[in-house]
Amino acid sequence: MVAVLAMFAAPMYLVADREDWVPDALIQKARNEYGRRAMYRMERWRDMMHDAADLKDEKDILEEVNDFFNSEIPFRDDLKHWQRIDYWATPYESLVTDGGDCEDYVIAKYYSLLRLGVSSSKLRITYVKALDYNQAHMVLTYFSAPGVIPVVLDNLTSRIRPATERKDLKPVYSFNGDGMWLAKMKGEGVRLGSSNQLDLWTDLRIRMARIGMDL
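Throughout this description, residue numbers start from 1 for each chain and increase along the sequence as written. For this predicted model, a pLDDT threshold of at least 70 governs which residues receive local features, and a threshold of 80 or more governs which side-chain atom pairs are given and counted, while totals over whole chains, interfaces and linings are taken from all residues. For side-chain calculations, the full set of non-hydrogen atoms in the structure is used, while hydrogens and water are omitted.

## Quick word on the overall build of the chain
Okay, so step 1: Counting from the N terminus, the helices are DSSP H or I runs at least four residues long and the strands are E runs at least two residues long. If you tally the helices and strands in the chain, you get nine helices and seven strands.
Okay, so step 2: Split into buried and exposed, the 215 residues of the chain put 46% on the buried side.
Okay, so step 3: Restricting to contacts in the chain with at least 6 residues of sequence separation, those with at least 24 account for 55%.
Okay, so step 4: Accessible areas in this description were obtained via Shrake-Rupley with a 1.4 Å probe; residue shielding takes into account the shown protein chains only. Surface summary for the chain: the accessible area is close to 10800 Å², and the carbon and sulfur share equals 52%. Throughout, exposure labels follow a simple rule: accessible area from a 1.4 Å probe, protein chains only, divided by the maximum for the residue type, with under 20% read as buried, over 50% as exposed, and the rest as partly exposed. Contacts were defined at the residue level, with two residues in contact if any of their heavy atoms lie within 4.5 Å.

Structural data, given as structure tokens:
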């Protein structure tokens with residue numbers, strides 16, 4: 001029981017660490033390379049993170065982060081935005097270029113929640129099939145405790161709802177920094193191995209580390 005509780009305990013961050021979540025150097029970089037509007041978007045991200053850090057309930061933190069990125073980042077297809085079929089942007093890239101697709105929303109939310117103290121064991125980046133659109137989609141799922149039905153953070157809707165209420169989504173697989181699983185609506189699913197098997201994930205982590213934002 002102690003081991004299970006420890007696995008799901010949120011890591012503690014010192015108040016001083018808040019300045020590292022969205023570094024001033026990145027905000028200045030945004031201004032230098034993309035202009036004032038990009039800088040303002042980065043500043044709004046920093047401010048949201050500081051506000052969310054003062055919230056006591058993890059559900060409130062989820063709502064704050066989910067609402068911010070759903071409203072702040074306009075949806076843009078990878079092929080039009082990056083001239084690539086599939087590109088996983090860092091939160092910095094999504095904000096300064098003012099656009100992203102479903103993966104980019106999820107990555108930004110995942111990184112932000114980790115920095116705000118939500119344990120990675122509670123978070124899964126989840127590939128699904130969006131049945132209403134008949135296409136692949138990505139969402140972020142949050143498990144409040146082991147074995148429970150997760151809730152879904154999705155750029156297609158502002159409401160955070162239990163996965164069992166999302167009849168429009170068919171789970172395929174999920175992953176985080178610790179592993180990869182065959183997804184299902186309840187519980188962990190079958191472990192498939194390391195998430196480092198995913199080339200796009202590995203490339204993303206390398207680019208994140210280069211700008212001082214480790215996943």
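## Section: helix α5 (residues 58-72)
Okay, so step 1: Across its 15 residues, α5 extends 21 Å between first and last C-alpha, which sits within 8% of the 21 Å expected from 1.5 Å per residue.
Okay, so step 2: Lining the buried residues of α5 we find α4 (36-53), α7 (91-96), α8 (102-115), β2 (135-142) and β3 (151-153).
Okay, so step 3: Throughout this description, a polar contact denotes any pair of N or O atoms lying within 3.5 Å of each other; where both atoms belong to protein, one of them has to be capable of donating a hydrogen while the other can accept it, and for residues adjacent in sequence the pair is counted only when both atoms sit in side chains. N-capping of α5 is provided by Asp 57, with a side-chain oxygen placed 2.8 Å from the backbone N of Lys 59. The span you would expect from a helix comes to 1.5 Å times its residue count less one.

## A short note on unusual backbone geometry
Okay, so step 1: Not every positive phi belongs to a glycine, and Gln 83 is a case in point at roughly 55°.
Okay, so step 2: Examined against the element boundaries, Gln 83 turns out to sit in the loop between α6 (78-81) and α7.
Okay, so step 3: In the Ramachandran plot, Asn 134 falls in the positive-phi region, its phi being about 55° despite a non-glycine side chain.
Okay, so step 4: If you trace the backbone, Asn 134 turns up in the loop between β1 (123-130) and β2.
Okay, so step 5: Note on Asn 134: relative accessible area 56%, which makes it exposed.

## A word on the packing of aromatic side chains
The geometry of two aromatic rings is summed up by the distance between their centres and the angle between their planes.
Okay, so step 1: Centres within 6.5 Å make a pair out of two Phe, Tyr or Trp rings, where for Trp the six-membered ring is used; the pair is then stacked when the planes are under 30 degrees apart, edge-to-face when over 60, and tilted otherwise. Within the structure shown, the criterion is met by nine aromatic pairs.
Okay, so step 2: Among the aromatic residues, ring-to-ring pairing joins Trp 88, Tyr 110, Tyr 127, Tyr 173, Phe 175 and Trp 201 into one connected group.

## Some thoughts on the packing of helix α3 (residues 24-34) against α4
Okay, so step 1: Interaxial angles span 0 to 180 degrees and are taken between N-to-C directions of axes, which are lines fitted to C-alpha atoms, for helices over the stretch in contact. Look at α3 against α4: their axes get within 7 Å of each other, and the N-to-C directions meet at 160°. Overall, the two elements α3 and α4 adopt an arrangement that is roughly antiparallel. Note on packing geometry: the crossing formed by α3 with α4 is right-handed. From α3, Asp 24, Leu 26, Ile 27, Ala 30, Arg 31 and Tyr 34 reach across to α4, where they touch Arg 36, Ala 38, Met 39, Met 42, Glu 43 and Arg 46.
Okay, so step 2: Three classes are used, and their members are as follows: Ala, Val, Leu, Ile, Met, Phe, Trp, Tyr, Cys and Pro are nonpolar, Asp, Glu, Lys and Arg are charged, and the others, Gly among them, are polar. Along the lines of polarity and charge, the residues of the contact of α3 with α4 split into seven nonpolar, no polar and five charged. Here the angle decides the label: under 35 degrees means roughly parallel, over 145 means roughly antiparallel, 65 to 115 means roughly perpendicular, and every other value means oblique. The sense of a crossing depends on the near helix, which, turned anticlockwise from the far helix by less than a right angle, makes the crossing left-handed and, turned clockwise, makes it right-handed.

## Digging into the environment of Ile 27
Okay, so step 1: Along the polypeptide, Ile 27 turns up in helix α3.
Okay, so step 2: Along the backbone, Ile 27 and Ala 38 are eleven residues apart, and their C-alpha atoms lie at a distance of 8.3 Å.
Okay, so step 3: Residues in contact with Ile 27, not counting those within four places in the same chain, are Val 22, Met 39, Met 42, Glu 43 and Arg 46.

These figures capture arrangement, not role.
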